[in-house]
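Summary of the model geometry
Residues per chain, in single letters:
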Amino acid sequence: YMRSASWFRKAADQKYKKAFHALGYAYRKGLGVTRENMVATGWYRLAASEGYAKSQYALAKAFSNGNGVKQDHISALRWYKAAAEQGHRKATFELGLIYQKGQGAAANPKKSISYFKEAASLGYRRANFAIGDAYRQGIGVKKNAKKAVEWFEKAANLGQRKAQYTVAKAYLDG
């Protein structure tokens, strides 16, 4: 790992944004370098500022969790939006969670569902489960057990074990 970190650094010295991200990841995980969350976040910020979606997502997660930076849900929201605008499915899903929970933005269940559906269309299986759960509970959509199971089945067919269990329970319980 030390050799890869050295080469990533050389590429970063030439302003290569993927190398910025790779160094952020290396520092976050301690791969070939000392694990330092603040340094990792600095590298992510460089790549995020250059429009690199993976780093925008990583920086948003850092702000959301207070990992290497002061926790700041408003900044997290901004970076999740930047990554989602580029089709980053996890960032899109996280936006759904933000609007579901009202953390960093006012709670907006309908907007939450919209982001979950976008994340699902991008192939993010957790989003299918979230939509199913919304239909089951009637949050942001009209409560509908049949539609809930349809969305749970989509997640289950993508291999999500919680969804597989939930579908099995739904059929068992009728």
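Reading the values: the criteria
- Residues numbered from 1 in each chain as written.
- Predicted model: local features only at pLDDT ≥ 70, side-chain atom pairs only at ≥ 80, totals over all residues.
- Heavy atoms only, no water.
- Helix = DSSP H or I, 4+ residues; strand = E, 2+ residues; numbered from the N terminus.
- Expected span 1.5 Å × (residues − 1).
- Buried < 20%, exposed > 50% of the residue type's maximum accessible area, 1.4 Å probe, protein only.
- Contact = heavy atoms within 4.5 Å.
- Polar contact = N/O pair within 3.5 Å; in protein donor to acceptor, adjacent residues only side chain to side chain.
- Axes fitted to C-alpha atoms, helices over the stretch in contact; angles between N-to-C directions.
- Parallel < 35°, antiparallel > 145°, perpendicular 65-115°, else oblique.
- Left-handed = near helix turned anticlockwise from the far one by under 90°.
- Nonpolar A, V, L, I, M, F, W, Y, C, P; charged D, E, K, R; others polar.
- Phe/Tyr/Trp six-rings, centres within 6.5 Å; stacked < 30°, edge-to-face > 60°.
- Lys NZ or Arg CZ within 6 Å of the ring centre and 35° of its normal.
- Salt bridge = Lys/Arg side-chain N within 4 Å of Asp/Glu carboxyl O.

Topic: helix 5 (residues 73-84)
- Taking 1.5 Å of rise per residue, twelve residues should cover 16 Å, and helix 5 covers 16 Å from first to last C-alpha, within 8% of that figure.
- Within helix 5 the residues assigned to the buried category are S75, A76, L77, W79, Y80, A82, A83 and A84.
- Considering only its buried residues, helix 5 is in contact with helix 3 (37-49), helix 4 (53-65) and helix 6 (89-101).
- For helix 5, the N-terminal capping position is held by D72, with its side-chain oxygen 3.1 Å away from the main-chain nitrogen of I74.

As for the packing of helix 6 against helix 7 (residues 109-121)
- Closest axis-to-axis distance for the helix 6/helix 7 pair is 7 Å, and the angle between their directions is 165°. Between helix 6 and helix 7, the crossing angle belongs to the class labelled roughly antiparallel. Regarding helix 6 and helix 7, the two cross each other, and that crossing is left-handed. Across the interface between the two elements, R89, T92, F93, L95, G96, L97, Y99 and Q100 from helix 6 touch P109, K111, S112, Y115, F116, E118 and A119 from helix 7.
- Tallied by class, the residues present in the contact of helix 6 with helix 7 amount to eight nonpolar, four polar and three charged.

Examining the packing of aromatic side chains
- All told, the structure shown has six aromatic pairs when counted by the stated rule.
- Taking the centre distance of 5.3 Å and the plane angle of 35° together, the rings of F93 and F116 count as tilted. Of this pair, F93 sits in helix 6 while F116 sits in helix 7, placing them 23 residues apart in sequence. The pair F93 / F116 is uniform in exposure class, with both members buried.
- Joined through ring pairs, the aromatic side chains of F93, F116 and Y124 make up one cluster.
- The ring of W7 carries K10 above its face, with NZ or CZ at 4.9 Å from the centroid.

Points about the side chain of S55
- Residue position: S55 is located in helix 4.
- Looking at S55, the relative accessible area reads 0%, which means it is buried.
- Excluding anything up to four places from it in sequence, S55 contacts H21, Y44, A47 and A48.

Considering helix 4
- The terminal C-alpha atoms of helix 4 lie 18 Å apart, and with 13 residues this matches the ideal 18 Å at 1.5 Å per residue to within 8%.
- Within helix 4, the full set of buried residues consists of A53, S55, Q56, Y57, A58, L59, A60, A62, F63 and S64.

With respect to unusual backbone geometry
- At K15, a residue that is not glycine, the phi angle is positive and equals roughly 65°.
- Classification of K15 by relative accessible area gives exposed; the value is 65%.

Some points on the pattern of salt bridges
- Evaluation of the coordinates by the stated rule reveals four salt bridges.
- Note that D133 and R136 form a salt bridge whose closest N and O atoms lie 2.5 Å from each other. Here D133 pairs with R136, and both are found in helix 8 (residues 125-137), just three residues apart, close to one helical turn.
- By relative accessible area, which is 39% here, R136 ends up partly exposed.

Examining the environment of A127
- Checked against the element boundaries, A127 lands in helix 8.
- A127 sits in the buried class, given a relative accessible area of 0%.
- In this structure the C-alpha to C-alpha distance between A127 and W151, which are 24 residues apart in sequence, comes to 9.1 Å.
- Filtering out sequence-adjacent residues up to four positions away, A127 remains in contact with F93, F116, A119 and A120.

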